[in-house]
Amino acid sequence: MWTVILPRWQGGILLPWLVLSHLVSFTWTAPMMPSLAAAWMGPARGFVGRTRRPFYNRVRCLSASGGVSDVGDRDDELQAKMRQLALLNGGKTINPRSAQQVSRLLYGNGRSQLPLSGNGSGGALIGPTDKATLQRMMLQIQKDGASDDGEAERRGEVAKLVLQCRELLSLNGSRRAGSSGSFASRVNGEVGAKRMQKRQPTPTLASFSTAATSSGDVDVIGEMERKSDGNVQEEPIVALLDENDDAIPRHAPSMSPYEQMVVDLFPSKGQDAEGESLDPYWMEPLLSLTKSSARALVRQLQSASCPMAYDPSASPITSLIANTNATAAPKRTTSLLSYIRTQKSETFSDSVVLVRVGDFYETYGVDAILLVEHCGLNPMAGKARAGCPWRNIQSTLDGLTRVGFRVAVFEEWNGVGEAPEGQSAKGGKLKTRYLAQVVSSANPTYMHGLVLKDEGGATDDARASGGRSYVGVLETQAGYTLVEISAEERTVVVSERLTAEAVSCRLVAYPPADPLFYVPPYSDDAVGGKKKRLDRLPFLPWRQSSSSPLASHRYSQGSYDAGTTGKVRVKTLPPSLVVGPNPGQTDVERAKQTVVSAFLRLEDDSVSRLGEPSSLPARKQEQRVVTHDDFVVVASSDESGSALQSASTLTKTQPLHLETATQLGLMSDPAIPPLVASLLPDAAPASSRRFLRRWLLIPPPPDVADAMLQLVGTLKDENDKALPSLNAPPLTGKVISLIRAGQASAAVYREILSALDAASEILLLDGVGEQSDSQPGLVRPLMKILHHDTGTEASSSSSLRDCFVEAMAMIESVVSTNNLEHPLQNSNGVDDDVSNRDFISYYGDVIPPAFFERNEAIWRGRVKPSALQHAHDVPVAARRLAEAIAGDFWGVSEIILDEDGIIDLSDAKENKSPVVQDIFNNLIALKSIPTWAKDLDDETSEPESLETEAKPRYFHPRDRNGKILRNRYTTEKVQDCMEEYVDACANARTEVERVLTRLSWDLVDNGHLPAVLQASHLNLILSTAAHHAASSNAKGWSTAAIYDDGAYSNSTAGHFNGVWPYWMHRSDSVSNSFDLDGLFLLTAPNMSGKSTLMRSTAAAALLINCGLCAPVDKGSAVRRFDSIFVRGASADVPTEDKSAFGAEMGDVAALLRSCGERSLVFVDEIGRGTSPKDGTSLAGAILEKMSEAHMSGMFATHLHGILKLPFSSKAEERLRKKRMAISEDGDLLKWTYLLEDGVCTNSLALMTAAKFGLPESILKRAEELSQHIAGGLEGLEGTVANRDSGAVSSVVTILEETAGSRSSVHIPEGYMSPPSLEGSSCVYVLQIGDEKSKTRYYVGETDSLSQRLAQHRSKGKDWSSLSTVAIQVESKTSARTVESLVIQRLAQSGFDLVSVADGTSLRNPGRVQ
């Protein structure tokens, strides 16, 4: 054990540099820095982890009293003082730096009994608590001595403890570098926050605020921020945050040390930050960090250093040492850091900034920590600095945009052309940089340097889900208007008159890009903010509990494909920004213009800063000027067109609610079979699954649904023609963005050609010419769906095909088609013969082929040689280089080419290749000077040349940095030819890039982008429909007729012929056929299939309303519904502070608001989350309201008391009592899963429990306890019958009627049973008790009546005086059946039964008819 004693300096300690001398035994090298930093940061790794005691226990400090005290001991001393203060405060901890809390403890609640000076009495309401006052208070007490009541001693002790605590806090928790307060500087040099957590529940330094001011304390009260002046600012707790809100919860006892450290990085509300401050936007990402390496870097941040909170002087070692009050070290900075700080503070305070530095992209501070957390990168030298190689930029950006961050990417100017606009090329080593792109979740692809890339990815179906949409929600009196903007495709989807639940479903299914735009209505309450935010935004699906003081700054993570939703803020727009009514402008167009304009304003600052070198085409700058007119409205709820106007009276199915989508397997709930997976074969592309999911979540208009029905029906049953290839690549918005940005590569254009060619073939499926209405075929419904899906309507299929062919011709004239997987059927006739093919140079063994591949593969084979000019210089330069190398390196005296253009090496002086390729410096050289070259020089040299110094023929070449390569040799001829060849390849590469970029501009200028988008959607629609039709035929699914009110039956909502569960095969399931002629009140035992029937019927109705095949037999017909609502079993929702019953009632309220006479509803087991009485009454009222509103559907319940409720006559008219049938198989009951008329009042819960393995002891005890339940058997409740003289006769009547015509035998008290009954199966009823006690009855069955009676009478008390009525039956099975039926009838008649256990073990259904 060794100790370092350090001198004190200004109340703290100097940097323990002597500790570093302990590392002398190590060999200090640069590569050791990351590992050494990891050793310091990890509490159980490296040098710190291998020592016996923690590092901070080895550092000793000289205390003020002259003794030696441990740094960690000061923390212990502080906690001891805090405990003493708490004892004086009645056991409640206080903040010694809080003036208000200390004054309350000193002076009481508003009274001052101790004079501050002299011997007077009285005082102010709240006395001062500054250092001078407390010191005077201590001196005054010492001068005056003890008081009679001991109050003076108490206050003196309080003053002393407060001064000591403040001194310890000052030593351990001084602010670093003038910051506004960082918890990292107050953790006393500990390795991590674990040490602070281990000391709980003892208060630690993290429990107390150091930001209290004279204006009052800030305490967190529930979900509000309450200040000492009495003002309360309410802010509901939501995960989507309003960017206008600034309610940052400050120091709270429930905060963890890490949370306190993060909160202290941000200035409190109303506090002026020193210098550049960290944007509050970054609080949630920092609080949500999970990786220890990322959380450790937060300790190095300084809020006043820069907008990224990066401290250049921080290091992994110094962050472990407690800071002092010493003057902070001067901040070191670089030109790169200064540049990033400027960009961050001026424009991108809420975006991650990545700057190109050579072959890397780098950033600092908070941005670097996010790279470590979300991109799997490592910090540089253990500091808050990180970056990625240029090759990995897209994967790095994907990691950030996947969780919702925006990233501003800056590139270096390569010196070609003029400097970027707005910047000047500076001299020296300073580099000129420009903003290349702002990447976000809406535009996740980095459009830079992609023209010559060949790895694809733009049309990869597994990754082609595209970016998120920007979403705007406009609240109106008629509901919510949802506007979804695709920034990549420049399309807009507008949905009107939605409920809050429908909006919530859309936001969960398709998480929006950040931010979400919200426009409140023209209301004083909403505009003035009088409403709570939770009331104003009821559609937010990420609402959270308010139990945590930091809940408002956390964001939940949901799943979408393989990613997470991340953080989404709400940007509230004033209603004044809504576009006013204009002649000829619909509400849909106004909503679209309002939200698109807000989106463009959001992008305007970033786009206006985009800069490019002027060497790129000027057209690229012009392409960025975008207005709302460039966005096309698709799939709106207010589409125009004659077809829809003629069908305006048809019922349109509204978007699904979140609960309905979840119950039907559209929201990735693992407990519910996915619906989309059942619609397609396993080999179907992912794009088809995405298409069908959105098709079902947002059901199409009636005419579009009819078109899909026609298309699927024709493909399924009528079409006998072969279809074009269904493997055409999906062209998502990413492809359109690549074309607009001029970054589409040749590989992307080949995919576009394949898609256009397949779409052209599809439009010829019905032959040349238009089809008649009587024979619509395939093309007509395809065109209808295409118009709905893209918003672009073609005049005819032939004109659309012409657009496809024109676009193909333009692309074919430039892009090489040699590498296409399948030949084009609609080619322009320009075949790629041998003369038009593009080959990489090859000269046999003279030059390694890898050298030519390295220089030519990047641009060869992409563009046809006929479209290039400078590319023809490369073969000439390559031949000259080959000839020079053959002569100078191989020793070939005469260059002879064979018929393939290969140099003849038969007379070469070298037997094996002397050529060496340097791939790093891109050159060809020799390892040594050839021996034959020296001899040749001696033979050909002239005498006079020996007298002068001649330049050697072979010399050392230089590398890419200008340094001489001493181990390589070349000649001047080879070097000149090498430079000529490399320059020719560079020019050819630039030309190929320019030609492909020009092709993109030409496609845009000639209006071919809509054709590309339509071709992609056309292929997707046919592929989806064909795969669905094939899967339906394989599974036996059928199409069904869709009709509106009055077309089929005025009283029925549909005829379901043989509906079965969508997740089961037809042969493994039971189908049901019925007419949905009202509201079914469905009662059935557990596990009898009622929930399955409801889910199957709802799914079938949704599929049929969307024009798809459903698991029904032919002959089914379903009405068109305006809303389909499914409410399943309840579960609690902790994120919304809802119990299971609360969530259930919320969904029922949504049902009653949004459903009516044209709605299809399915409600399962409402009211089971509360008491049976309240649940029954609520369920009855809900059922009555649904029936009176003429809703159709099913209402399932186990609350059998609902059967006896007096419903209104209007409700009774539409109620249909249904049950699930049960059959008897010997002594066992079997579920048939068939729907039939009637009611079932026995849930058979004990039988179901036994089936699932509940212990027999539990079941037996349940039977015993059932007799104590008022009313007897569940579902057979009745009032207890009054005892009268006719009770026995009633029992006899029930027994004989149940058993048949046989006469019963009465056995009075004390009598024995007749011998004739012995050995026979009998059913008996015992009457227990006499006139003085309550009479009860017991029903049983036996084969030995005398023995059974003896057993009953041996129980004593009332059992000893029982009388019996017995009857003989045919068999043991009959006896058990009669026993169960008698129990039920007696219970219904109001008899008090001792046990009803056997009434739940039916061998016969025994249901009331």
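For the structure itself, look to the data block above.
These remarks concern the structure in this document. All values derive from a computational prediction rather than experimental measurement.

1. Some thoughts on the pattern of salt bridges
And then number 1: Taken as a whole, this structure holds 27 salt bridges when the rule is applied.
And then number 2: Here Glu501 ties to Arg1153 by a salt bridge, and the two come within 2.4 Å at their closest N and O atoms. Here Glu501, found in helix α15 (residues 500–509), pairs with Arg1153, found in helix α36 (residues 1140–1154); they are 652 residues apart in sequence, far enough to count as distant.
And then number 3: Residue class for Glu501 comes out buried when judged on its relative accessible area of 19%.
And then number 4: In this structure, the salt-bridge partner of Lys784 is Asp703, at a minimum N-O distance of 2.9 Å. Of the two residues, Lys784 sits in helix α27 (residues 779–790) while Asp703 sits in helix α24 (residues 702–718), which places them 81 residues apart along the sequence.
And then number 5: With a relative accessible area of 23%, Lys784 lands in the partly exposed category.
And then number 6: The buried category is assigned to Asp703, whose relative accessible area is 14%.
And then number 7: Each of Asp350, Asp514 and Arg569 takes part in salt bridges that share partners, so that together they form one network.

2. Section: a nonpolar patch on the surface
And then number 1: Taken together, the side chains of Val1070, Tyr1233 and Leu1234 present a nonpolar region at the surface, about 230 Å² in accessible area.
And then number 2: Its location among the elements puts Leu1234 in strand β36 (residues 1228–1237).
And then number 3: Of the residues examined, Leu1234 reaches a relative accessible area of 37% and is grouped as partly exposed.

3. Notes on the packing of aromatic side chains
The geometry of two aromatic rings is summed up by the distance between their centres and the angle between their planes.
And then number 1: A full pass over the atoms with the stated rule returns 17 aromatic pairs.
And then number 2: Centre to centre, the rings of Phe599 and Phe631 are 6.0 Å apart; their planes meet at 85°, and the pair counts as edge-to-face. Here Phe599 is found in helix α18 (residues 587–608), whereas its partner Phe631 is found in the loop between α19 (619–622) and β22 (632–634), with 32 residues between them in sequence. Both residues of the pair, Phe599 and Phe631, count as buried.
And then number 3: Each ring, one from Phe851 and one from Phe852, has its centre 5.9 Å from the other, and the planes form 65°; the classification is edge-to-face.
And then number 4: Accessibility expressed as a relative area gives 0% for Phe852, which makes it buried.
And then number 5: Connected via pairs of aromatic rings, a cluster forms that spans Tyr843, Phe851, Phe852 and Tyr981.
And then number 6: The ring of Trp932 has Lys909 lying over it, and the distance from NZ or CZ to the ring centre is 5.7 Å.
And then number 7: The ring of Trp1037 carries the charged tip of Lys1035 above its face, separated from the ring centre by 5.7 Å.

4. Examining a negative patch on the surface
And then number 1: On the surface, a cluster of negative charge is made up of Glu894, Asp898, Glu899, Asp900, Asp904 and Asp907.
And then number 2: Position of Glu894 among the secondary structure elements: in the loop between α30 (873–890) and β23 (915–918).

5. Let's talk about the environment of Leu161
And then number 1: Positionally, Leu161 belongs in helix α7 (residues 151–172).
And then number 2: C-alpha separation for the pair Leu161 and Met82, spaced 79 residues apart in sequence, amounts to 7.9 Å.
And then number 3: When neighbours within four sequence positions are excluded, Leu161 is seen to be in contact with Lys81, Gln84, Leu85 and Leu88.

The rules behind the values
- Numbering of residues begins from 1 in every chain and follows the order in which that chain's sequence is written.
- pLDDT decides what is reported in this predicted model: residues at 70 or higher carry local features, side-chain atom pairs at 80 or more are listed and counted, and totals for whole chains, interfaces and linings draw on all residues regardless.
- Neither water nor hydrogens contribute to the side-chain values; these are computed over all heavy atoms in the structure.
- We count a salt bridge whenever a side-chain nitrogen from Lys or Arg sits within 4 Å of a carboxyl oxygen from Asp or Glu.
- Numbering of helices and strands runs from the N terminus; a helix is a DSSP stretch of H or I covering at least four residues, while a strand is a stretch of E covering at least two.
- The cut-offs for exposure are 20% and 50% of the maximum accessible area for each residue type, with area from a 1.4 Å probe on protein chains only; residues under the lower value are buried, those over the upper are exposed, and the others partly exposed.
- Two joining distances apply to patches: 9 Å for like charges and 5 Å for nonpolar side chains (Val, Leu, Ile, Met, Phe, Trp, Tyr), and every residue must have over 30% relative accessible area and no salt bridge.
- With residues, only the protein chains shown are counted as cover, and all accessible areas are computed by Shrake-Rupley using a 1.4 Å probe.
- When the centres of two rings from Phe, Tyr and Trp lie within 6.5 Å, Trp using its six-membered ring, the rings pair. Their planes under 30 degrees apart give stacked, over 60 give edge-to-face, and anything left gives tilted.
- Only lysine NZ and arginine CZ atoms are considered, and such an atom sits over a ring when it is within 6 Å of the ring centre and within 35 degrees of the ring normal.
- His is not counted, nor are the chain ends, whereas Lys and Arg count as positive and Asp and Glu as negative.
- One atom stands in for each charge, and that atom is NZ of Lys, CZ of Arg, CG of Asp or CD of Glu.
- Every residue pair with non-hydrogen atoms within 4.5 Å of one another is taken to be in contact.

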